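What the coordinates show
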Amino acid sequence: MYSCYSCGKTYSILEPRWRCDCGGFLTLPENVTFPRETFANRGYSIWRYRESYYLPSHAPSISLGEGWTPIVTQRIDGMEVRFKLDYLLPSGSFKDRGASVLVSLCKALGIEELVEDSSGNAGAAMAAYCAVAGIKCRIFAPAYTPDGKLIQTRLYGALVVKVPGTRQDTNDAVLQAAATTYYGSHLWNPFFVQGHMSVAFELWEQLRGEVPQSLVLPLGSGGYLEGIYRGFRTLQLSGLVRTIPRLIGVQAHNCRPLYEAFQLGLDGAAPVEIQSTLAEGIAVSRPPRASAVLEAVRRSGGTILSVSEDSIRASHALLLRYGFYTEPTSAAALAGWLQLPHSERENAVILLTGHGLKESEKIARIHGL
Ligand SMILES: [Zn+2]
């Protein structure tokens, strides 16, 4: 059952729906099913934990083997820190976790065509999994989006619709299209969020039950953070961990509606002026699930940080020195970690979220090549 975060109205998950009639976003129950007894004999992908995602039981697993990304320890600024390389997923970003689960739901509901709006990693991930599932996919993006970022999406077979005007115009266009087809939105859909629970489950297995003091991650729409919180909450409700890591979301100074909201104690995104940022992947000015994201940060005892363009650039250079070829957005997480007081840096895991090979030209420019 879905329930609306705003008004509490419930709907069947067998209904092709992406938000409440009141306009609120939908949530799924906190899940206490963690299939510890059954998964030992399963392969190492997010589907090892399929009972935890609350999918209809007849849903197929639309999979490209995503999940179980490596954890690598490095010594930075005199302190050991672990990186989880979540850019090493089939389409080159963490969004494959969410796309795999959402597209599996769509397949179970018999959806033959969907629309989505994204100019980056989410569009590519949805296009990849729709290709596997045999679902027609239309991705809406602002006309000003550079072609380079959309090539991967097109090559998977998705139709890219470029909309003149602002990001808001693209949003309006996709909602119009959604009136007659399914809106497979990575920003709205709670099943996309469910896919990210797998990060918590993998960490629990990979670190043999140890809970890091904190997880530091780039923060845009917040679906990644919300999902990871839900994953640890599942482990806690199952009695497998006592505590949840502090979730530390990092926004770019140039686009920080969740940072402002957290500072002001609001329970929804703050209206902010936005400027362009190197961390394009987290430049989300109006994240629709903001209330749930802020609640997850607060309940975990975590915080939201804001980092400058200079610190993103410097942290990206540092990642390269350690051999991590990520997109600049991922560097925001390291910049955030470096901003923490020393005592709060200990026993942290930094999540690296997007592959650099998608943005080599931009990366070359950033570093003056
Ligand atoms: Zn509602």
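Residues numbered from 1 in each chain as written. Predicted model: local features only at pLDDT ≥ 70, side-chain atom pairs only at ≥ 80, totals over all residues. Heavy atoms only, no water.

Thoughts on the domain arrangement of the protein
- Segmentation of the protein into domains returns domain 1 (71-94 + 196-366) and domain 2 (95-188).
- At the interface, 21 residues of domain 1 touch 15 residues of domain 2.
- When domain 1 packs against domain 2, the two sides together hide about 1,500 Å² of surface, and 41% of this comes from carbon and sulfur.
- For the domain 1 face of the interface with domain 2, the top three residues by lost area are Ser91, Phe94 and Pro288, together amounting to 31%. (Domains from an automatic or database assignment. Contact = heavy atoms within 4.5 Å. Buried area = accessible area lost by both parts, 1.4 Å probe.)

What about the environment of arginine 154?
- Structurally, the position occupied by arginine 154 is in helix α3 (residues 147-155).
- Once residues within four sequence positions are removed from consideration, arginine 154 is found in contact with Asp147 and Val160. (Helix = DSSP H or I, 4+ residues; strand = E, 2+ residues; numbered from the N terminus.)

Some remarks on empty space enclosed by the protein
- Across all of its chains, the model carries one cavity of 30 Å³ or more by this definition.
- Its boundaries defined by the atoms lining it, the largest cavity holds a volume of some 30 Å³.
- Considering every element that reaches the lining of the largest cavity, the biggest residue donor is helix α7 (residues 223-237), with four residues.
- Broken down by class, the residue content of the lining of the largest cavity amounts to two nonpolar, two polar and three charged. (1 Å grid on protein atoms, 1.4 Å probe; cavity = no way out; pocket = protein on both sides within 12 Å on 5 of 7 lines; lining within 4 Å. Points joined across faces, edges and corners; volume = space filled by probe spheres on them. Nonpolar A, V, L, I, M, F, W, Y, C, P; charged D, E, K, R; others polar.)

Here we look at the coordination of the zinc ion
- The protein atoms that coordinate the zinc ion are Cys4 (SG), Cys7 (SG), Cys20 (SG) and Cys22 (SG), at distances spanning 2.3 Å.
- Every donor counted, the four donor atoms about the zinc ion form angles of 106 to 119° at the centre, which fits tetrahedral coordination.
- Within one chain, the residues serving as donors to the zinc ion are arranged as C-x2-C-x12-C-x1-C.
- Among the residues examined, cysteine 20 registers a relative accessible area of 3% and is labelled buried. (Donors = N, O, S within 2.8 Å, 3.2 Å for Na, K, Ca; no water. Tetrahedral: all angles 85-135°; square planar, octahedral: opposite > 155°, others 65-115°. Buried < 20%, exposed > 50% of the residue type's maximum accessible area, 1.4 Å probe, protein only.)

A closer look at the nonpolar core
- By size, the foremost hydrophobic cluster in this structure holds 74 residues, and its most contacted members are Tyr53, Phe191 and Ile228.
- Three or more residues apiece are contributed to this core by two domains, here domain 1 (71-94 + 196-366) and domain 2 (95-188).
- Formed by 30 residues, the second largest nonpolar core is a distinct cluster that contains Phe83, Val250, Trp337 and Leu352. (Core = buried A, V, L, I, M, F, W, Y, C linked by side-chain atoms within 4.5 Å.)

Side note on the pattern of salt bridges
- For the structure shown, the criterion picks out 23 salt bridges.
- A salt bridge links glutamate 210 to arginine 82, with the shortest nitrogen-to-oxygen separation between them at 3.0 Å. Of this pair, glutamate 210 sits in the loop between α6 (197-206) and β10 (214-218) while arginine 82 sits in strand β5 (residues 79-85); the two residues are 128 residues apart in sequence, bridging distant segments of the chain.
- Here lysine 149 and glutamate 280 are joined by a salt bridge, their closest N and O atoms 3.6 Å apart. Remark: glutamate 280 occurs in the loop between α8 (257-264) and α9 (290-299) and lysine 149 occurs in helix α3; sequence separation between them is 131 residues.
- Each of Lys9, Glu15, Arg17 and Asp21 takes part in salt bridges that share partners, so that together they form one network. (Salt bridge = Lys/Arg side-chain N within 4 Å of Asp/Glu carboxyl O.)

A word on the environment of tyrosine 5
- Along the chain, tyrosine 5 falls in the loop between β1 (2-4) and β2 (10-11).
- Excluding its chain neighbours within four sequence positions, the residues that come into contact with tyrosine 5 are Phe25, Thr27, Ser291, Ala292 and Glu295.
- A polar side-chain atom of tyrosine 5 sits 2.5 Å from a polar atom in the side chain of glutamate 295. (Polar contact = N/O pair within 3.5 Å; in protein donor to acceptor, adjacent residues only side chain to side chain.)

Considerations on the packing of aromatic side chains
- Scanning all chains against the criterion turns up 14 aromatic pairs.
- Taking 4.8 Å as the distance between ring centres and 50° as the angle between the ring planes, the aromatic pair formed by phenylalanine 83 and phenylalanine 324 counts as tilted. Taken together, the residues phenylalanine 83 in strand β5 and phenylalanine 324 in the loop between α10 (309-321) and α11 (328-339) connect sequence positions 241 residues apart.
- Using a relative accessible area of 4% as the deciding quantity, one classes phenylalanine 324 as buried. (Phe/Tyr/Trp six-rings, centres within 6.5 Å; stacked < 30°, edge-to-face > 60°.)

Quick word on the pairing of strand β6 (residues 113-117)
- With respect to burial, β6 is a largely interior element, four of its five residues being buried.
- As paired elements, β6 and strand β7 (residues 136-142) share five bridges and run parallel to each other. Counted as the bridge partner of glutamate 113 is lysine 136 from β7.
- Chirality of the crossover, the property in question, places the unit of β6, helix α2 (residues 121-133) and β7 among those that are right-handed. (Pairing = 2+ DSSP bridges. Right-handed = clockwise from strand over helix to strand, strands pointing away.)

Some words on the pairing of strand β8 (residues 159-163)
- In the sheet, β7 pairs with β8 via five bridges, with the strands oriented parallel. Residue pairing for β8: alanine 141 is matched across the bridge by lysine 162.

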